[in-house]
Structures are given as C-alpha cells and as structure tokens.
Amino acid sequence: ETDTASESSYSFGRIKKSPSSLTNLSSSSGMASLSSVSGSLMSIYSADFGNVDVKGNIQFAIDYVEQLNELHIFICQCRDLAVADVKRQRSDPYVKTYLLPEKYRLGKRKTSVKKKTFNPVYNEILRYKIEKELLKNQSLNISVWHNDTFGRNSFLGEVELDLGAWDWNDPSNKQISWFPLKPRDCCIRQNSFKRQLLMLVFCFIFTGKKTQSTGEVHIWVKECHNLPILKGNRLNSFIKCTILPDTSRKSRQKTRTVAKTTNPVFNHTMVYDGFRPEDLREACIELTVWDHNKLANHFLGGLRIGLGTGKSYGTTVDWMDSTSDEIALWEKMMKSPNTWIEETLPLRML
C-alpha cells in the first residue's frame, strides 16, 4: 500500500463465478476482524431498550495489571434484576462490557448466560489488552442483558465509569463493590458517536464509448471533522479504502497522512474501474480512518457505503451492513451516473 496509489481495477467476474473464493477472501482479510467488531457495535442498538423497567444492582471490581498490560473486570454477581420475559416470568441474564468509544477495535467482552434467575452469580474476569495510558480517553460500559432465544436481547440496566478520572492508586477502587443499574438514553448514546464526520463526494462515470456497459467509481475524500485524539496532543490521520468483496492488495488504496490536526483535509481522489451497473448492487465501499503511529496504526472510525442488503452475489456477508445515510448516498450515485454526489456522514466508532 502506497500513498501514491490512485487507481485500481476491480474484477467482479472472477468472484461472481467462484462464490467460495468470496468466503475465503472475506475471512482471510485484515478487515475481517473489523467486520466482526462492527457487528458488536451494532448490537448496542439492535436490541430492546425501554421495554423492561430497569432495577437491581451489579457487583464488580476493576483493576489494571501492570505486568500483563491488561484491564481486568471481575464480574461477581447481580441481584434483584427485572423480569425480561413477562409471560414466563423469567430472565436469563448475562453481562457485557465495552471500552467506549471503541477506538482501539477491542470490541465487547461478555460473561456466560445464567438461566432462570434474577440473582445470577458469575465470578468471571473479562480482560482487555490495552496500554494504561490509553485508558485516559476511555469509558467502561458494563451492561446486563436478558438472552433471548430468538436473538432480540432485552436491556436490563448498565453502569458507566469514566476511566480518565479513575484513581488506580486508590486501594478502595480495587475492592468489589455494588453499583445500581441505570436505564439508558439510547438517543444520547447514538449522538455521541455522530460527532466525528467524514465529507466525501461520489461519482459513477461510464467509460464505454459506444455502450454503457462498464464504468468507474470515483471517490473524492475531502476532509474529516472532530476526530478523537488518542494519545497526548498528536493526531496523524489517513484514510484507507477497500472495495468489498475484493480484499486483495489491488483493491486497497489510501490517502496521504495529514499531521497534527483533528480536522484533516485530504482532497484525495480514488478511482476504481471495471464496474458494470449491476455490480454496484453487490459491492460495498469500506472507508476507514486511522491514526498513524510508528508501532501500530490505531483505528478511529469508518463507513461502509453500499445497499446494505446483507448479501453479495447471493452470499450472506456481515460487511453489507450500511446505515440508512450510507445507503442513501450509494443509491443517489447509482441513480445519477456522471454526476458528483456530495455528502457528510457520521463515522461509525467501532
């Protein structure tokens, strides 16, 4: 991958003829873990909120183990939880944790499910491998859920701790303590993830001289707004682009790195050719924003722009999960070939 790459050709025919290769490419891709984390983030919202009156408490302790560079969350038990399944008068609770706003692709951790109890006992440790200094920009979200057989889990309450203000040297902060479970204002949580924005322009241009058989997708990455600072006051950001389901090196392009700003201006155009109009319904453009670091790049957020059908060339894929705003941009581009479509979209903080 080089900053000078500006054009790539996409071979849809090969993947369409060999659906099995699509599965192999998707699972072996470096973006496969990103896909799974995105699914984890979406589970914050794809559940029942407000259908259960939150009550009860949770007992836990947190500690940072210096020798392992790990955050440990010891989930002990809950008591007096609400009834999730009113018809059967039962709850099957489990506990789930996130480090918000998930800048480090660490995803969720969760305990086992305890059946038919309002007072579950877990005694389980959930671990995050993360540098202690990075916790200054994190909040720990601990939530309790009823595990539904049909996948529509019910929210039973949560606790959120600001780790930036947490005193790790205070012995009392390492003790096992009870915390009251609180309801969630889902709108506030979602809005907190919409502050980071990406401004971009899309255009599908027919290139065939006689027939409109193939064309190019032009992606003009203009600028970002309000990117989060991960460490100190330095932020050196760049954007990667991949056309899924093609995860080959040829499909990957990236912008130059813009240093020392939370509002970087890229003005970089990426071009992908070889698109037939029908291919636009099967592809998804994945744009991810990164903070460049000498040791490892840190993930800041991303977009997946496509039709969000959940399928590509007849195969179910987890990356075809575009939001309504992302779908709207892709549909506008498809309906108006040879026309530049500009949009500013909220980054998903995975």
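Residues numbered from 1 in each chain as written. Predicted model: local features only at pLDDT ≥ 70, side-chain atom pairs only at ≥ 80, totals over all residues. Heavy atoms only, no water.

- The name given to the chain in an unreviewed UniProt entry is Synaptotagmin-like protein 2, with Panurus biarmicus as the source organism.
- What UniProt states about the chain under its Subcellular location (unreviewed entry) heading is, verbatim, "Cell membrane". (UniProt positions renumbered as here; feature names shortened; annotations may be inferred.)

### What to know about the packing of aromatic side chains
The geometry of an aromatic ring pair is captured by the separation of the ring centres together with the interplanar angle, meaning the angle of the planes.
Okay, step 1: Following the criterion strictly, the structure yields 8 aromatic pairs and no others.
Okay, step 2: On the numbers, 5.3 Å between centres and 70° between planes, the contact of W290 with F299 is edge-to-face.
Okay, step 3: Classification of F299 as buried rests on a relative accessible area of 1%.
Okay, step 4: Through a chain of ring-to-ring contacts, the aromatic side chains of Y64, W166 and W168 assemble into a single cluster.
Okay, step 5: Positioned over the ring face of W145 is K96, at 4.2 Å from the centre of the ring. (Phe/Tyr/Trp six-rings, centres within 6.5 Å; stacked < 30°, edge-to-face > 60°. Buried < 20%, exposed > 50% of the residue type's maximum accessible area, 1.4 Å probe, protein only. Lys NZ or Arg CZ within 6 Å of the ring centre and 35° of its normal.)

### A look at the pattern of salt bridges
Okay, step 1: Across all of its chains, the model carries 11 salt bridges by this definition.
Okay, step 2: One salt-bridge network, in which partners are shared between bridges, spans R276, E278 and D279. (Salt bridge = Lys/Arg side-chain N within 4 Å of Asp/Glu carboxyl O.)

### Describing the confidence of the model for the chain
Okay, step 1: Averaged over all residues, the pLDDT of the chain is 79; the fraction at 70 or higher stands at 77%.
Okay, step 2: Overall, residues 1-46 carries pLDDT values under 50, and its contacts beyond four positions in sequence, including any with other chains, amount to 109 contacts.
Okay, step 3: For residues 186-194, every residue scores under 50 in pLDDT, and the model assigns this stretch 17 contacts once sequence neighbours within four places are set aside. (pLDDT = per-residue confidence, 0-100. Contact = heavy atoms within 4.5 Å.)

### Points about the sheet that holds strand 16 (residues 298-305)
Okay, step 1: Read from one edge of the open sheet, 4 strands run 13-12-15-16, paired in antiparallel fashion. The open sheet terminates on both sides in strands that have one partner only, identified here as strand 13 (253-254) and strand 16.
Okay, step 2: Pairing of strand 12 (residues 237-244) with strand 13 involves 2 bridges; the strand directions are antiparallel. Residue pairing in the sheet places C241 in a bridge with Q253 of strand 13.
Okay, step 3: Across the sheet, helix 5 (residues 324-335) is in contact with strand 15 (284-291) and strand 16; its angle to strand 16 comes to roughly 50°. (Pairing = 2+ DSSP bridges. Helix = DSSP H or I, 4+ residues; strand = E, 2+ residues; numbered from the N terminus. Axes fitted to C-alpha atoms, helices over the stretch in contact; angles between N-to-C directions.)

### Some details on unusual backbone geometry
Okay, step 1: A cis geometry characterises the amide bond from L244 onward to P245, with omega recorded as 15°.
Okay, step 2: Of note, P245 is situated in the loop between strand 12 and strand 13.
Okay, step 3: A positive phi angle, close to 50°, is found at Q89, a residue other than glycine.
Okay, step 4: Along the chain, Q89 turns up in the loop between strand 3 (70-79) and strand 4 (93-100).
Okay, step 5: For Y313, which is not glycine, the phi torsion reads 50° and is therefore positive.
Okay, step 6: By the secondary structure assignment, Y313 is in the loop between strand 17 (311-312) and strand 18 (315-316).

### Some remarks on helix 5
Okay, step 1: Look at helix 5: 16 Å from first C-alpha to last across 12 residues, which is about the 16 Å you get at 1.5 Å a residue.
Okay, step 2: When helix 5 is considered as a whole, its buried residues turn out to be E326, I327, L329, W330 and M333. For helix 5, the buried positions fall inside an angular range of 160° around the axis, keeping them on one side. Summarising the geometry of helix 5, the exposed residues directed more than 90 degrees from the buried face are S324 and K335.
Okay, step 3: Residues of helix 5 that are buried sit in contact with strand 10 (197-206), strand 11 (215-225), strand 15, strand 16 and strand 19 (341-346). (Expected span 1.5 Å × (residues − 1). Arc of directions from axis to C-beta.)

### What about the sheet that holds strand 7 (residues 139-146)?
Okay, step 1: Across the sheet, which stays open at both edges, the 4 strands sit in the order 5-4-7-8 with antiparallel pairing between neighbours. What marks the edges here is a single partner per strand, and that holds for strand 5 (108-110) and strand 8 (154-162). Each strand of the sheet is rotated relative to its neighbour by a mean of 20°, with strand direction disregarded.

### Some words on the nonpolar core
Okay, step 1: Counting residues in hydrophobic clusters, the biggest one holds 34 residues, and the most contacted among them are L198, F202, I219, I285, L287 and I305.
Okay, step 2: Elements with a contribution of two residues or more to this core: strand 10, strand 11, strand 12, strand 14 (265-275), strand 15, strand 16, helix 5 and strand 19.
Okay, step 3: L287 has contacts with L198, L200, V221, I239, K240, C241, G301, G302, L303 and I305, leaving out every residue within four places of it along the chain. (Core = buried A, V, L, I, M, F, W, Y, C linked by side-chain atoms within 4.5 Å.)

### A closer look at the side chain of S91
Okay, step 1: With respect to the secondary-structure elements, S91 resides in the loop between strand 3 and strand 4.
Okay, step 2: The class of S91 is buried, set by a relative accessible area of 0%.
Okay, step 3: Engagement of the side chain of S91 in a polar contact is seen with the backbone oxygen of A82, the distance being 2.8 Å.
Okay, step 4: Not counting chain neighbours up to four residues away, the residues in contact with S91 comprise A82, V83, A84, K114, K115, K116, T117, F118 and H146. (Polar contact = N/O pair within 3.5 Å; in protein donor to acceptor, adjacent residues only side chain to side chain.)

### Comments concerning the environment of F204
Okay, step 1: Mapped onto the fold, F204 is located in strand 10.
Okay, step 2: Relative accessible area serves as the criterion here: at 2%, F204 is assigned to the buried category.
Okay, step 3: Note: C-alpha distance between F204 and T339 (135 residues apart in sequence) is 7.2 Å.
Okay, step 4: Residues contacting F204, with those up to four places away along its chain left out, are G215, E216, V217, F275, L280, M333, P337 and N338.

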